[in-house]
Amino acid sequence: MSTTGSSIRVLREMFRDDSYLSRLPVAIIQSWYQREGYLKSMADLIEKELQTFSNPEETMIFFSAHGVPVSYVEDASDPYRDQMEDCIFLIMQELNSRGNKNENCIYYPRTDL
């Protein structure tokens, strides 16, 4: 279990099958990557880290989708890749609105080797 979707499926089964849990109210946040507070927080952290470099404006921002098997990224039925790339786009959009024009890239490590 390594994606939100698979985790939610397991939790729904647990709540459905348990007489006590099935009576509890449940609210599931399907995704958070587009939430303004999260995007601004990520942009704040990136800006802070950029200042530790001698030439912050020339520093490449490197995003890593660590810990997720590449098969999940390549599987068209899992939303992880699209969500990750959309999140990065939105974070970079926030940074650009603040005057940061750094280049960026994303890396999907091969954890399934």
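Before reading further, recall that the structure is shown in the block above.
The structure reproduced in this document is the subject of the present report. (Residues numbered from 1 in each chain as written. Predicted model: local features only at pLDDT ≥ 70, side-chain atom pairs only at ≥ 80, totals over all residues. Heavy atoms only, no water.)

Among the structural elements, E94 can be located in helix α4 (residues 80–97). Of the residues examined, E94 reaches a relative accessible area of 17% and is grouped as buried. A polar contact is formed between the side chain of E94 and the side chain of R98, at a distance of 2.8 Å. (Helix = DSSP H or I, 4+ residues; strand = E, 2+ residues; numbered from the N terminus. Buried < 20%, exposed > 50% of the residue type's maximum accessible area, 1.4 Å probe, protein only. Polar contact = N/O pair within 3.5 Å; in protein donor to acceptor, adjacent residues only side chain to side chain.)

When the terminal C-alpha atoms of α4 are compared, their 26 Å separation across 18 residues agrees well with the 26 Å that a helix rising 1.5 Å per residue should span. All of the buried residues in α4 are M84, C87, I88, L90, I91, M92, E94 and L95. In this structure, the buried residues of α4 make contact with α2 (36–50), β1 (61–64) and β2 (104–107). Downstream of α4 by one or two residues, G99 has phi in the positive range, about 95°. (Expected span 1.5 Å × (residues − 1). Contact = heavy atoms within 4.5 Å.)

That's the geometry; what it means functionally is another story.
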